[in-house]
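# Breakdown of the fold
Chain by chain, the residues:
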Amino acid sequence: MTDDTTDTPGESRDQDRAESATPRRLPVTDVSLVVLIGTSGAGKSTFARRHFLPTQVVSSDFCRGLVADDENDQSASAEAFDVLHYIVGKRLAAGRLTVVDATNVQPEARRQLVAIAREHDVLPIAIVLDVPPGVCAERNRSRPDRQLPAHVIPRQHRELRRSLRGLEREGFRKVHILRGEAEVAAAEIVLEKRYNDLRHLTGPFDLVGDIHGCRSELETLLTRLGYTLTRDAEGRPVDAAHPAGRTAVFVGDLVDRGPDTPGVLRLVMGMVAAGHALCVPGNHENKLGRAMDGKKVNVAYGLQESLDQLAGESEEFRAEVRAFMRGLVSHYLLDGGALVVCHAGLPERYHGRNSGRVRSHALYGDTTGETDEYGLPVRYPWAEEYRGRALVVYGHTPVPAASFVNNTVCLDTGCVFGGSLTALRYPERELVSVEAEREWYAPVRPLVTDAPGAREGRPLDLADVAGRRIVETGLHGRVAVREENAAAALEVMSRFALDPRLLAYLPPTMAPSATSRRDGYLEHPEEAFLGYRADGVRHLVCEEKHMGSRAVLLVAREESALERRFGVAGPGAIWTRTGRAFLADEELTGAVLGRVREAAERAGLFEELATDWLLLDAELMPWSLKAVELLRRQYAAVGAAAGAVLPEVLSALERAAGRGLDLAHLTARQRQRAADAQAFTEAYRRYCWPTEGLSGIRLAPFQLLAAEGVNLAVRPHDEHLAWIDRLVAADATGAADGTEHPQDPRYPQGPQDPQHPQHPEHRKEPVLHRTRRILVDTEDEASMAAATAWWEELTAAGGEGMVVKPLASLVRTVRGEGRPGGLVQPGVKVRGREYLRIIYGPDYTEHLDRLRLRALGHKRSLALREYALGLEALDRLAAGEPLWRVHEPVFAVLALESEPVDPRL
């Protein structure tokens, strides 16, 4: 860039140029800050109107009008520029091309604009309109609304000329100078895409993690992904193409530490040159490139290995490597912006931006300023806070296994450290890995530790659950957990609960139906049906409420399945609503799980759902199996006391009546109390029966919660019940004929093995039981009447009642204009009159008016929050997110259980 520094001769030269000006194409980056510079009257506003959209231009005159109702009121300039800078910042934050129309001839004015551009990581671009002062003065004289003092334009022109040579030093990345009217008139703005903007490329892609010189493993991975390798005359791979046109994308750190950095570079460079791959730089490429350019760098972390290996290559190849690494772009936006690829991760505010800060974060990430016990920097957990729309794929920090966190995934699985080389198929979101051939380089920090969750790169941390917490859910927004509730849950989780690696789900509490006003009833189906109808739910399913305790079962097809998925080997687990082992007897637990596993095998559910484990929600009976101490202390004691006292009371009253005392009313009252006590005793005894081993145990599953890669809990309830019916039928068949699935290496003699769970000594009765149900149409009175009659029949026979659920499972209310509203209750319980004696006491029917005042709002709110948290946990489990992410909503459910709510509801 050249410029004339004198003032008076310059005007005549500009006039000469005006006669011979040729069109000028001015490249402008599509997301940038364009600063127009010129004296008053240079034509900046006309230029802006001709080349940019009105919404893209922010004018100082317009801002003066906003604050002073007069665009020429110079006394309002300070406030006007405050407004201008604010608008510019908001537009740049939103990623909008922004043009500033002001004189900007003073360095201080430009300095503030460059600072705003840097703050928002966009390029500042200067367009200078260097028009002769005489022309500018004449234009101002022709404007009746603007009469400037005679000295203003010459002063501005001098300031402009003094500034021209230093604009690049001020921070402008592009400087376009238009000299004279003709050049200004002939100029053409050409919008250029940012180097990192490849949104037009939609894939499909295969994104490959950190390679670090492991050329052989890269060949194996590309072959597994379906690529065909091309080799040179010496047999070295120099390209790879996919027959379906897929594009490989490398996340950097191709070099250092491993055995064949030149081989990796030769293959990747060939793929990029042929259009078969894209590549972003890693911090190791950045350092190696500087070392090869003769810059002073610290030769460590495997750099010497690369330098030694490259020393054996030709100078031509080394020159190609230097040019390749210099040309790498910090990150890419792909697939319409839905995919971002970088080396060390990138917060959403940096996506598509251009600055040294963005490049530094893309290469090195961010740290907390601390070091760990190995002397390595502690990485700032940006992915845990990420909420962006784009999937961010990165590497840099080795993890034992790749997993998705908040729509991000780290693909560095430590191949050079003896781990694996991992790729992500996009958009399929399928992870593909090949094991390292050996440990090529000893890591400073072990790749895997024994801490829960460490194999996924992020062990559980007390800070994840301590104190007040906010958990983001996809269905119910932000759910808050109070500090005191978290403390109570931590006590349970640390002292009594199962291994947190297995606790993928805790079931939510369930609210009862609205209180009934019917004579003699506290709960009745009518309120449940009408409540759902008011929420716009037409189709319901009413399921029998079993006489047991809620149980969650994790069932493995084979013991190694849980080791692969959850990091804990074994047949599975059964736990309560508070995460504790349901049965103290491990052998009995294994027997129950074995029966479910065998039934699922016979029913074909493992194959149908393409999984080797299942998570089920169920009721395990009898109630006395888990709550025997509760029954003895709380229920049996009441019945025993009544049985011991009331007969003596009635006998005394009868003797007194025989002596002529009028005690009829008191006697009737005591007889009613005795009848209520008897009814109470009979009610709780229905939930108790003896068991021995599997004999007497009944398991009633009612929902399949999850399988590998899928959240099943959101499927319609009729689909769940069909699966459960198949399970129950398969278990009944196995119990009857003693047959077993043919492949079970643990029992080579088959069912004749005395240890086999289907040996005749063990297989005497079915364990799995069907959940009876009836469908309801809330717009059909006959349908509701039939369901009510069914409920009355169930409860009259001693049943607990039923649970009423939307058939579609996950349902939202509908706001105006068809917009989705809040979650509808996933289910409400309608308990029978006799069962409620257990809950409210033997004589509760005499206090219905008072009991009807029960407040259900908090219970309903709690049920919805826990339901949303449970589904969030299942979604994260299905997405393959790490343990700490799945554990977060599970822990929150447990914490909410300690909220003060009437336990009888």
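Residues numbered from 1 in each chain as written. Predicted model: local features only at pLDDT ≥ 70, side-chain atom pairs only at ≥ 80, totals over all residues. Heavy atoms only, no water.

## As for the overall build of the chain
Check the secondary structure of the chain and you find 28 helices and 36 strands. Relative to a compact globule of 905 residues, whose C-alpha radius of gyration would be 29 Å, the chain shows 37 Å and is clearly more extended. Reported as C-alpha extents along the three principal axes, the dimensions of the chain are approximately 135 × 75 × 50 Å. Taken over 905 residues, the chain has a buried fraction of 54%. Expressed as a percentage of contacts within the chain between residues at least 6 apart in sequence, the contacts between residues at least 24 apart total 72%. Here the chain displays about 39,600 Å² of accessible surface, and carbon together with sulfur accounts for 51% of that area. Distance between charge centres in the chain, computed from 113 positive and 129 negative side chains, equals 4 Å. (Helix = DSSP H or I, 4+ residues; strand = E, 2+ residues; numbered from the N terminus. Rg over C-alpha atoms; globule rule 2.2 N^0.38 Å. Buried < 20%, exposed > 50% of the residue type's maximum accessible area, 1.4 Å probe, protein only. Contact = heavy atoms within 4.5 Å. Areas by Shrake-Rupley, 256 points an atom, 1.4 Å probe, with all protein chains shown as cover. Lys, Arg positive; Asp, Glu negative; His and termini not counted. Charge placed at Lys NZ, Arg CZ, Asp CG, Glu CD.)

## Digging into the pairing of strand β24 (residues 477–481)
The pairing of strand β23 (residues 469–473) with β24 spans five bridges and is classified as antiparallel. Bridge assignment links R469 to a residue of β24, and that residue is V481. Between β23 and β24, which pair antiparallel in sequence order, lie three residues. (Pairing = 2+ DSSP bridges.)

## Side note on the nonpolar core
Of all hydrophobic cores here, the largest spans 48 residues; its most connected members are L554, F566, W575, W613, L615 and L874. A per-element tally of this core places helix α27 (residues 857–878) first, with nine residues. Every residue in contact with L874, bar those within four places of it in the chain, is listed here: A504, Y505, L615, L705, A706, N711 and A713. Among the nonpolar cores identified, the runner-up in size contains 40 residues, and A240, V264, F317 and M325 belong to it. (Core = buried A, V, L, I, M, F, W, Y, C linked by side-chain atoms within 4.5 Å.)

## Examining the sheet that holds strand β25 (residues 511–512)
Here we have five strands laid out as an open sheet, ordered β25-β36-β33-β26-β32, and mixed in their pairing. Looking along the sheet, the strands with just one partner apiece sit at the ends: β25 and β32 (773–777). Note that strand β26 (residues 539–545) and β32 share five bridges and pair antiparallel. Bridge assignment links V541 to a residue of β32, and that residue is L775. Along the sheet, helix α17 (residues 525–534) contacts β26, β32, β33 (801–806) and β36 (828–831); its crossing angle with β33, the most-contacted strand, is approximately 5 degrees. On the sheet, helix α24 (residues 781–796) packs against β26, β32, β33 and β36 and is oriented at approximately 150 degrees with respect to β32. (Axes fitted to C-alpha atoms, helices over the stretch in contact; angles between N-to-C directions.)

## Digging into the packing of aromatic side chains
Tallied over the entire structure, the rule returns seven aromatic pairs. Pairing F417 with Y441 gives two aromatic rings, centres 6.4 Å apart and planes at 55 degrees, and the pair type is tilted. With F417 in the loop between β20 (408–410) and β21 (420–426) and Y441 in the loop between β22 (430–435) and β23, the pair connects residues that are 24 residues apart, well separated along the chain. Assessed through its relative accessible area of 13%, F417 is described here as buried. Relative to W613, the ring of F566 has its centre 5.2 Å away and its plane inclined at 75 degrees; by these criteria the two rings are edge-to-face. Residue F566 is found in helix α18 (residues 559–566), and its partner W613 is found in strand β29 (residues 613–621); the two are separated by 47 residues along the sequence. As far as burial versus exposure is concerned, F566 and W613 are alike and both buried. These aromatic residues form a ring-pair network of at least three members: W382, Y386 and Y394. The aromatic ring of Y350 is capped on one face by R349, whose charged end is 4.6 Å from the ring centroid. (Phe/Tyr/Trp six-rings, centres within 6.5 Å; stacked < 30°, edge-to-face > 60°. Lys NZ or Arg CZ within 6 Å of the ring centre and 35° of its normal.)

## With respect to a nonpolar patch on the surface
Taken together, the side chains of F62, L66 and V67 define a hydrophobic patch exposed on the protein surface, amounting to about 280 Å² of accessible area. Turning to its location among the elements, F62 is positioned in helix α3 (residues 60–68). (Patch = residues over 30% accessible without salt bridge, like charges linked within 9 Å, V, L, I, M, F, W, Y side chains within 5 Å. Salt bridge = Lys/Arg side-chain N within 4 Å of Asp/Glu carboxyl O.)

## Concerning the packing of helix α10 (residues 261–273) against helix α12 (residues 303–311)
One way to put it is that α10 packs onto α12 with a least axis distance of 8 Å and a crossing angle of 75 degrees. As far as their axial angle goes, α12 and α10 are roughly perpendicular. Within the contact between the two elements, α10 uses T261, P262 and L265 and α12 uses S306, Q309 and L310. Looking at the contact of α10 with α12 residue by residue, the class counts come to three nonpolar, three polar and no charged. (Parallel < 35°, antiparallel > 145°, perpendicular 65-115°, else oblique. Nonpolar A, V, L, I, M, F, W, Y, C, P; charged D, E, K, R; others polar.)

## Remarks on the pattern of salt bridges
Applying the stated criterion to the full structure yields 63 salt bridges. R482 is paired through a salt bridge with E484; the nearest N and O atoms lie 3.8 Å apart. Classification of E484 as partly exposed rests on a relative accessible area of 49%. A salt bridge links E834 to R837, with the nearest nitrogen and oxygen atoms 2.8 Å apart. When its relative accessible area of 27% is taken as the criterion, E834 is described as partly exposed.

## Some remarks on helix α28 (residues 883–896)
The end-to-end C-alpha separation of α28 is 20 Å, in line with the 20 Å expected for 14 residues at 1.5 Å each. Among the 14 residues that make up α28, 14 are buried, leaving the element largely enclosed by the rest of the structure. (Expected span 1.5 Å × (residues − 1).)

## Quick look at the sheet that holds strand β4 (residues 98–101)
Pairing is parallel across the open sheet formed by five strands, whose spatial order is β3-β4-β2-β5-β6. Of all strands in the sheet, those with a lone pairing partner are β3 (57–59) and β6 (174–179), marking the two edges. The sheet shows a mean angle of 20 degrees between the axes of neighbouring strands, taken without regard to direction. Sheet analysis places β3 next to β4, joined by three bridges and oriented parallel.

## Observations concerning the pairing of strand β9 (residues 205–208)
Here β9 shows two buried faces, one formed by F205 and L207 and the other by D206 and V208. Direction of pairing for β9 relative to strand β12 (residues 247–250): parallel, over a ladder of four bridges. In the sheet register, V208 faces β12, and the bridge partner there is F250. Here β9 runs beside β21; their pairing, made up of four bridges, is antiparallel. Looking at the pairing, D206 lines up with R425 of β21.

## As for unusual backbone geometry
A cis geometry characterises the amide bond from G203 onward to P204, with omega recorded as 5 degrees. Mapped onto the fold, P204 is located in the loop between β8 (197–198) and β9. Of note, the amide linkage connecting M621 to P622 takes the cis form, showing an omega dihedral of 5 degrees. Residues other than glycine seldom take positive phi values, yet D121 does so here, at roughly 55 degrees. Relative to the assigned elements, D121 resides in the loop between α5 (107–119) and β5 (123–130).

## Observations regarding empty space enclosed by the protein
Within the structure shown, the criterion is met by two cavities of 30 Å³ or more. Within this model, the second largest cavity holds a volume of roughly 40 Å³. Considering the residues around the second largest cavity, the lining is formed by D464, V465, R469, V471, E888, F891 and A892. Going through the elements one at a time, β23 and α28 are the ones with two or more residues in the lining of the second largest cavity. Per element, the largest residue contribution to the lining of the second largest cavity is three residues, and it comes from α28. The residue makeup of the lining of the second largest cavity, split by class, is four nonpolar, no polar and three charged. (1 Å grid on protein atoms, 1.4 Å probe; cavity = no way out; pocket = protein on both sides within 12 Å on 5 of 7 lines; lining within 4 Å. Points joined across faces, edges and corners; volume = space filled by probe spheres on them.)

## Some remarks on the side chain of E881
Mapped onto the elements of the fold, E881 is located in the loop between α27 and α28. A distance of 2.5 Å separates polar atoms of two side chains, one belonging to E881 and the other to R885. (Polar contact = N/O pair within 3.5 Å; in protein donor to acceptor, adjacent residues only side chain to side chain.)

## Side note on the packing of helix α11 (residues 283–292) against helix α13 (residues 315–326)
Where α11 meets α13, the closest approach of the two axes is 10 Å, and the angle between their N-to-C directions is 130 degrees. Relative to α13, the element α11 is oriented oblique. In this structure, the crossing between α11 and α13 has a hand that is left-handed. Contacts between α11 and α13 involve E285, L288, G289 and M292 from the former and R318, V321, R322 and M325 from the latter. For the contact of α11 with α13, the class distribution of residues is four nonpolar, one polar and three charged. (Left-handed = near helix turned anticlockwise from the far one by under 90°.)

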